[in-house]
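As a plain string of letters, each chain reads:
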Amino acid sequence: MKKYAVGVVGATGMVGQRFVTLLENHPWFQLKVVAASARSAGKSYEEAVGGRWAMKTPMPEEARNLIVLDAQAEKEKVAAAVDFVFCAVDMKKEEIRALEEAYAKLECPVISNNSAHRWTEDVPMVIPEVNPEHIRVIEDQKKRLGTTRGFIAVKSNCSIQSYAPALHPLRQYGLEKVLVCTYQAISGAGKTFETWPEMVDNLIPYIGGEEEKSEKEPLKVWGTVENGRIVSASSPSITAQCLRVPVSDGHTAAVFMSFRNKPSEEEIKNCWQSFRGRAQELELPSAPKQFLNYFEEPDRPQAKLDRDLEGGMAITLGRLRPDTQYDYKFVGLSHNTLRGAAGGGVLLAELLCAEGYILPR
């Protein structure tokens, strides 16, 4: 098959770097353009990143000598050179909204890792295994934008990946109440221990805006498409507390849940084991074969041991047991820069290509 030509906007940041690594040897996608801020424009990608390469794997050869374009001033050039872009920029929300809409209006689909458009009513916020049907709202979005192929689709916040997918197949039992505490890796802040030494032997009980996202975003993911917009689900009620912990990669969640029709522990585990989403049905290149993985060992999942399961795209679960205040509690783990960020974006792009929403020019 002819590969899709792809650009990464915000390519020098941590999530942008992750996109660049995931595009290396991708069976469907070919990295053609890297774009970033004006201060990086005109340099080779290797020069622009300099000593800030944060990935454990070497910089892909195909990216090293690409000349970085100005994501803002040269957006027409970026859009003309690719079939779609991934966007992971560090700007004010209103600036990101304007930039992404500008690319869409240049007939360039945008797969966004940013939060700026997560609450735009006709922008789908998709976990491919959970709510792939939301992509049909794109047709209404294109009417609003006046485009024929340009649109914006976003992935959800990295923190909800560690628990919302596990709760999803349990909603059939009338999931009513959820309490979740997330323990989030420093890469979620775009940091390493080298760049953030204050996090060594430390814990910070606050991540700006994260608790609101953790409580509300699952409800949009579980919502319905009505009259050209996504209407959030009204339940379950979710309360969240989010902490930054001294872990390089991997967001862990301690989850408590109550049901209207309480299932057995065995029924819950069977739901997790048997669950397959659209990404698995389509056998998308980045999709894990087993999406939800339950460990019986009492000390799992662990970030260091389990975050890279199935290329970092699987969700790992453990410690399911009755609770004294809620019906049950369990622990979830997801790789925040793979499943939670760039990997989730790549999987979303694969879904959009497979379902015919992105076509090669």
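Residues numbered from 1 in each chain as written. Predicted model: local features only at pLDDT ≥ 70, side-chain atom pairs only at ≥ 80, totals over all residues. Heavy atoms only, no water.

**Side note on helix 6 (residues 138-145)**
- Taken as a whole, helix 6 has its buried residues at Ile138, Gln141, Lys142 and Leu145. In a view along the axis of helix 6, the buried residues occupy a sector of 100°, so they form one face of it.
- Note on helix 6: the residue one or two positions beyond its end, Gly146, has a positive phi of about 75°. (Buried < 20%, exposed > 50% of the residue type's maximum accessible area, 1.4 Å probe, protein only. Helix = DSSP H or I, 4+ residues; strand = E, 2+ residues; numbered from the N terminus. Arc of directions from axis to C-beta.)

**Concerning helix 8 (residues 210-221)**
- Taking 1.5 Å as the rise per residue, helix 8 with 12 residues should run 16 Å; its terminal C-alpha atoms sit 16 Å apart, in good agreement.
- Glu210, Ser214, Glu217, Pro218, Leu219, Lys220 and Val221 are the residues of helix 8 that are buried. (Expected span 1.5 Å × (residues − 1).)

**Thoughts on the sheet that holds strand 13 (residues 315-322)**
- Taken in spatial order, the six strands make up an open sheet running 10-7-11-14-13-12, and their pairing is mixed. Either end of the sheet is taken by a strand with one partner, and the two such strands are strand 10 (237-244) and strand 12 (292-295). Each strand axis lies, on average, 25° off the axis of its neighbour in the sheet, ignoring direction.
- By the bridge criterion, eight bridges tie strand 7 (residues 175-184) to strand 11 (residues 251-259) in an arrangement that is antiparallel. (Pairing = 2+ DSSP bridges. Axes fitted to C-alpha atoms, helices over the stretch in contact; angles between N-to-C directions.)

**A look at the environment of Glu283**
- In this fold, Glu283 is placed in the loop between helix 10 (278-281) and strand 12.
- On the basis of relative accessibility, which here comes to 67%, the residue Glu283 falls in the exposed class.
- In this structure the C-alpha to C-alpha distance between Glu283 and Glu350, which are 67 residues apart in sequence, comes to 9.9 Å.

**So, the pattern of salt bridges**
- Enumeration over the complete set of coordinates arrives at 17 salt bridges.
- For Glu176, the salt bridge identified is with Arg260, shortest N-O distance 4.0 Å. Of this pair, Glu176 sits in strand 7 while Arg260 is found in the loop between strand 11 and helix 9 (265-274), placing the two residues 84 residues apart along the sequence.
- The exposure class of Glu176 is partly exposed, given its relative accessible area of 36%.
- Judged by its relative accessible area of 56%, Arg260 falls in the exposed class.
- Here Glu355 ties to Arg278 by a salt bridge, and the two come within 2.8 Å at their closest N and O atoms. Linking Glu355 in the segment after helix 13 (338-354) with Arg278 in helix 10, this pair joins segments that are 77 residues apart in sequence.
- Owing to a relative accessible area of 28%, Arg278 belongs among the partly exposed residues under this scheme. (Salt bridge = Lys/Arg side-chain N within 4 Å of Asp/Glu carboxyl O.)

**Quick word on the pairing of strand 4 (residues 84-87)**
- Of the two faces of strand 4, both are covered, the one formed by Phe84 and Phe86 as well as the one formed by Val85 and Cys87.
- Inspection of the sheet shows strand 1 (residues 4-9) paired to strand 4 by four bridges, in the parallel sense. Looking at strand 4, one finds that Val6 is bridged to Phe84.
- The sheet contact formed by strand 4 and strand 5 (residues 110-112) spans three bridges and is parallel. Bridging from a neighbouring strand, Phe86 pairs with Ile111 of strand 5.

**Quick word on unusual backbone geometry**
- Here the bond from Ser235 into Pro236 is cis, since omega is 5°, no more than 30 degrees from zero.
- Cis geometry is adopted by the peptide bond preceding Pro301, which originates at Arg300 and carries an omega value of 5°.
- Tracing the backbone shows Pro301 in the loop between strand 12 and helix 11 (303-306).
- At Asn25, a residue that is not glycine, the phi angle is positive and equals roughly 65°.
- Structurally, Asn25 is set in the loop between helix 1 (14-23) and strand 2 (29-36).
- Positive phi outside glycine occurs at Glu107, with the angle close to 65°.
- Mapped onto the elements of the fold, Glu107 is located in the loop between helix 5 (93-105) and strand 5.

**What to know about the packing of aromatic side chains**
- This structure, assessed with the given rule, holds 13 aromatic pairs.
- Considering the side-chain rings of Tyr4 and Phe84, the 6.4 Å spacing of their centres and the 65° angle between planes classify their relative orientation as edge-to-face. In this pair, Tyr4 is assigned in strand 1 and Phe84 in strand 4, connecting sequence segments 80 residues apart.
- Judged by relative accessible area, Phe84 falls into the buried class, the value being 0%. (Phe/Tyr/Trp six-rings, centres within 6.5 Å; stacked < 30°, edge-to-face > 60°.)

**Focus: the environment of Ala88**
- Topologically, Ala88 is positioned in the loop between strand 4 and helix 5.
- In the structure, Ala88 is positioned 147 residues away from Ser235 in sequence and 30 Å away in space, judged by C-alpha atoms.

**Description of the nonpolar core**
- If you look at the biggest cluster of nonpolar residues, it comprises 56 residues, and the most contacted ones within it are Val9, Tyr103, Leu167, Trp222, Met257, Trp272 and Phe330.
- Contact partners of Met257, with chain neighbours within four places excluded, come to Leu167, Leu170, Leu175, Lys177, Ile268, Leu320, Tyr326, Asp327, Tyr328 and Phe330.
- Of all hydrophobic cores here, the second largest spans 46 residues; its members include Met14, Leu31, Val68 and Ala153. (Core = buried A, V, L, I, M, F, W, Y, C linked by side-chain atoms within 4.5 Å. Contact = heavy atoms within 4.5 Å.)

**Some thoughts on the environment of Ala354**
- Position of Ala354 relative to the elements: it lies in helix 13.
- Through-space distance from the C-alpha of Ala354 to that of Lys220 is 23 Å; in sequence the pair is 134 residues apart.
- Dropping the residues within four chain positions of it, Ala354 is found in contact with Trp28, Leu282 and Leu284.

**Considerations on the sheet that holds strand 3 (residues 69-70)**
- Overall, parallel pairing links the six strands, which are arranged 3-2-1-4-5-6 in an open sheet. In the strand order of this sheet, the two ends are held by strand 3 and strand 6 (152-154), each with one partner.
- Helix-sheet contacts for helix 5 involve strand 1, strand 4, strand 5 and strand 6, and the interaxial angle to strand 5 is about 155°.
- Along the sheet, helix 13 contacts strand 1, strand 2, strand 4, strand 5 and strand 6; its crossing angle with strand 4, the most-contacted strand, is approximately 155°.

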